[in-house]
Amino acid sequence: MKIACLGGGPAGLYFAISMKLRDPSHDITVFERNKPDDTFGWGVVFSDETLDNLAANDAISAEVIRGHFAYWDDIAVHYRGQRIISTGHGFCGIGRKQLLLLLQQRARELGVSLRFEAEVESAAEIAKSYDLVVASDGLNSKVRNEFPQHFCPEIDLRKCKFVWLGTHQKFDDAFTFIFEETEHGWVWAHAYQFDADTATFIVECSEATWVKFGFGEMTKEQSIAACEKIFKKYLGGHQLLSNAHHIRGSAWINFPRVLCKKWSHGNIVLMGDAAATAHFSIGSGTKLAMESAISMANYLRSEPTLQAAFAKYEDARRFEVLRLQSAGRNSLEWFEEVERYLHLDPVQFNYSLLTRSQRISHENLRLRDKAWLESAEAWFQRQAGDYGANVRRPMFAPFKLRDMTLKNRIVVSPMAQYRAVDGCPTDWHLIHYCERAKGGAGLVTIEMTCISPEGRISPGCTGMYSPEHEAAWKRIVDFVHAETGAKICCQLGHSGAKGSTQLGWEESDAPLKKDNWPVMSASDIAWSERNQRPKAIDRADMKMVREQFIAAAKMAERAGFDMLELHCAHGYLLSSFITPLTNNRRDEYGGSLENRMRYPLEIFHAVRAVWPAGKPISIRISANDWVGDDGIEPQDAVEIARMLQAAGVDICDVSAGQTSTRARPVYGRMFQTPFSDRIRNETGMATMAVGNIYEPDHVNSILMAGRADLVCLARPHLVDPYWTLHAAAALGDRGERWPAPYFAGRDQLYRISARGETALVRV
Ligand SMILES: Cc1cc2nc3c(=O)[nH]c(=O)nc-3n(C[C@H](O)[C@H](O)[C@H](O)COP(=O)(O)OP(=O)(O)OC[C@H]3O[C@@H](n4cnc5c(N)ncnc54)[C@H](O)[C@@H]3O)c2cc1C
Ligand SMILES: Cc1cc2nc3c(=O)[nH]c(=O)nc-3n(C[C@H](O)[C@H](O)[C@H](O)COP(=O)(O)O)c2cc1C
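In short, a report on the structure.

Definitions and cut-offs
- Residues numbered from 1 in each chain as written.
- Chains lettered and ligands numbered in written order.
- Predicted model: local features only at pLDDT ≥ 70, side-chain atom pairs only at ≥ 80, totals over all residues.
- Heavy atoms only, no water.
- Disulfide = S-S within 2.5 Å.
- Buried < 20%, exposed > 50% of the residue type's maximum accessible area, 1.4 Å probe, protein only.
- Axes fitted to C-alpha atoms, helices over the stretch in contact; angles between N-to-C directions.
- Helix = DSSP H or I, 4+ residues; strand = E, 2+ residues; numbered from the N terminus.
- Parallel < 35°, antiparallel > 145°, perpendicular 65-115°, else oblique.
- Left-handed = near helix turned anticlockwise from the far one by under 90°.
- Contact = heavy atoms within 4.5 Å.
- Nonpolar A, V, L, I, M, F, W, Y, C, P; charged D, E, K, R; others polar.
- Arc of directions from axis to C-beta.
- Pairing = 2+ DSSP bridges.
- 1 Å grid on protein atoms, 1.4 Å probe; cavity = no way out; pocket = protein on both sides within 12 Å on 5 of 7 lines; lining within 4 Å.
- Points joined across faces, edges and corners; volume = space filled by probe spheres on them.

1. Re the state of the cysteines
Step number 1: Enumeration over the complete set of coordinates arrives at 0 disulfides.
Step number 2: Sulfur of Cys434: no disulfide; nearest cysteine sulfur belongs to Cys424 and is 14 Å away.
Step number 3: Look at Cys434 and you get buried, because its relative accessible area is 5%.

Here it is in structure tokens:
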């Protein structure tokens, strides 16, 4: 086959080598615009796994590459005057120039023709005289831009500015992150050794800081001098160096995340950065390029036609690219938002940094560096005011709100049971809630309990509007207090436009088949075409509803609840005021966010006035309407939280969605946690995270990274009322309190889980 590789970076060279190894008769030419030793960039990072893949493909080049590696195991973070080290991370690095020289040499040995200083202008022309054209021309690929309609590139230019520098200062004992506060904002560096006397030193900052420094107007030399000043104390008198001779101006860039919908056109195929990029902070660009080269070479041998090989290559590599791009996105977003975390204690900051890509979980971090993780867990425990002798997982740390102390951080999230009779809880509720309280969660929140018969969602919803309700709830609360260590929270709400609807397992949110009652909402906007049009609540109704909230709060207090939560989420009455999608009022309760928050805050103040000073109140919000900028977005949720905080709300329960039938939520593991993270770290308000959190590892990493103070689990508690006690047993934690009559079962479970088995039924 006659093959042209357009671009002599890692992708082009390694593909040429891989093809020659499979069939020396291939006629391969690499066209490279630069001179052989003219390359930009500093060190390239690999993992052990990548090295194994390279060795399996070509033992000879892998061996010489390995011979030039710098290895390190530690990550060091300089932050607020501290240097925190954790170990077990296992990286190796090689100079990009060295790598390319080794690959060039190997390619020459195998008979590849290398043509340097050969600028490719058009792939279309070349494609006419070659069987296969590999577009390995990097990030700014000309070939990709020649056929945009075929490759359909999506290029997302990210927010931070960075410049790729080097230094002869040694960073040979650890991959080093340095965060420096300057008069213009924070600037940080990623530094790692890649040969005996040179280290990569990438300097990065927000666009705002970059503008304030005037980096855009500086020459490369002036930028470097400014960076040397910022990082003076880490450079030991060494200079920062640039080898981006080909770049004029300041050499600062924004990282472009590239992903092409299609990777081939005719006999041309994209490879490496031309097809897709991975952010440098997860160090995988070169790895992706070289592994793609192997994959393409394999399929060209195994498949009967070029098109079949392209199809297989794209299939196989796209998954890997998306996986790395997703980790890369988490990581780059963490750096983009790093100023949000720069108030954190160094221990928590370090944890947050190490787990930023979400590829490293809490227990995985223990495998890497047990001692460091245990010291971080001990720190967490001390922050929580628990000075117990044993280091425990973050989820088992106590938490205090006003006079209420929770024994751990697990919350049974409110879940409607639709089993009430005329608003009155039944034996179902007694057994349901008491079982969950026995199961070990620190806080059990009862379902949305409605302040009036018309304020119910369905005929099966519980209420707090009659003495029978109060008595039935008191029986449940008394049991929880007498027999368990859990606290119990009463969620109060009014259904608004989503009221008079069917039970959850019937047609949820659809009107009743008969006996509908009239509903009211912030405005006369129906939930859907099928639902009745609500009355726009007037002043008299607002006053009445406020009185009903006050009466319900007093009943909840007499029933003995430890905490109240006002349901201001999911499209119900109070939520309908907050989101602009359901509030088109022209009075002081509509319009600006401040106006839309007025009624929910009036209810809060009214309830706070009758609720005991020692007991906390939470508010649940929908932090994202999932309809784009027509509705509430996470940045609005931060403003909402600021208002709640100023009003004296103790904790924000950060849910999302269910406010509009137009919503298009993006689901995934822990998908709402970023909203809690943002609120907690931008406002300093305590938060609860909720939404598709189901493993102890999720909970521990959320807490330890400071993304929430409490973690709510809903559906996992429907499956397993004993989720917390089971998690504790599985993690080897022996500190959780079990009900005395269950001690024998507890001891058996401890023995079984110590052997690494599970008492739960396996499929
Ligand atoms: C400024 C910069 C510095 C970088 N430094 C590092 C680093 O230190 N460490 C690291 O791990 N990663 C670094 N990267 C990322 C890394 O280079 C890529 O992820 C990886 O090299 C991808 O390999 P590739 O072969 O696809 O592309 P590249 O390595 O970019 O190779 C593409 C090659 O094509 C050549 N080329 C482009 N257009 C033409 C044309 N029209 N005609 C002829 N030749 C052409 C280029 O000169 C280049 O040699 C850097 C990226 C940039 C933009
Ligand atoms: C059956 C069921 C009933 C629910 N009822 C309520 C409720 O009454 N009040 C409320 O705020 N959220 C309610 N939710 C939402 C949950 O509290 C939680 O926010 C959501 O299920 C996401 O958490 P999960 O992924 O852990 O299930 C309910 C969820 C389920 C599954």
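2. Observations regarding the packing of helix H21 (residues 598–610) against helix H22 (residues 634–647)
When two helices pack together, their arrangement is given by the angle between their axes and by how far apart the axes lie.
Step number 1: Where H21 contacts H22, the two axes come as close as 11 Å, and the packing angle between them is 25°. Accordingly, the angle class assigned to the pair H21 and H22 is roughly parallel. Relative to H22, the crossing made by H21 is right-handed. Taking contact as the criterion, the partners of Leu601, Phe604 and His605 in H21 are, on H22, Met643, Leu644 and Ala647.
Step number 2: For the contact of H21 with H22, the per-class residue count stands at 5 nonpolar, 1 polar and no charged.

3. Remarks on helix H2 (residues 48–57)
For an α-helix the count is 3.6 residues per turn, leaving residues at separations of three or four pointing the same way.
Step number 1: Of the positions making up H2, those classed as buried are Thr50, Leu51, Leu54 and Asn57. Relative to the axis of H2, the buried residues are bounded by an arc of 125° and lie together on one face. Along H2, the residues that are exposed and aim more than 90 degrees away from the buried face are Glu49 and Ala56.
Step number 2: Buried residues along H2 sit in contact with helix H1 (10–22), strand E3 (43–46), helix H3 (59–67), strand E4 (70–72), strand E7 (91–95) and helix H11 (285–302).

4. Regarding the sheet that holds strand E17 (residues 268–270)
In any sheet, the strands associate via hydrogen bonds between backbone groups, in a parallel or an antiparallel arrangement.
Step number 1: Here we have 6 strands laid out as an open sheet, ordered E8-E2-E1-E9-E17-E16, and mixed in their pairing. Of all the strands in the sheet, just strand E8 (113–115) and strand E16 (264–265) have a single pairing partner and so form its edges.

5. Re the pairing of E3
Step number 1: Burial of E3 is two-sided: the residues Gly43 and Val45 facing one way and the residues Val44 and Phe46 facing the other way are all buried.
Step number 2: As judged from the 4 bridges shared by E3 and E7, these two strands associate in the antiparallel manner. Bridging from a neighbouring strand, Gly43 pairs with Gly95 of E7.

6. Topic: the layout of surface pockets
Step number 1: Space inside the second largest pocket adds up to approximately 1400 Å³.
Step number 2: Counting residues per element, the ones that place at least two in the lining of the second largest pocket are strand E10 (153–167), helix H12 (306–336), H22, helix H23 (673–683) and helix H24 (696–704).
Step number 3: Here the lining of the second largest pocket takes 8 residues from H12, the largest share from any one element.
Step number 4: Looking at the lining of the second largest pocket residue by residue, the class counts come to 14 nonpolar, 13 polar and 16 charged.

7. Points about the sheet that holds E7
Step number 1: Judged by pairing direction, the sheet is antiparallel, and its 3 strands sit side by side in the order E3-E7-E4 without closing on themselves. Two strands close off the open sheet at either side, each with one partner strand: E3 and E4. Ignoring which end each strand starts from, the neighbouring axes of this sheet average 25° apart.

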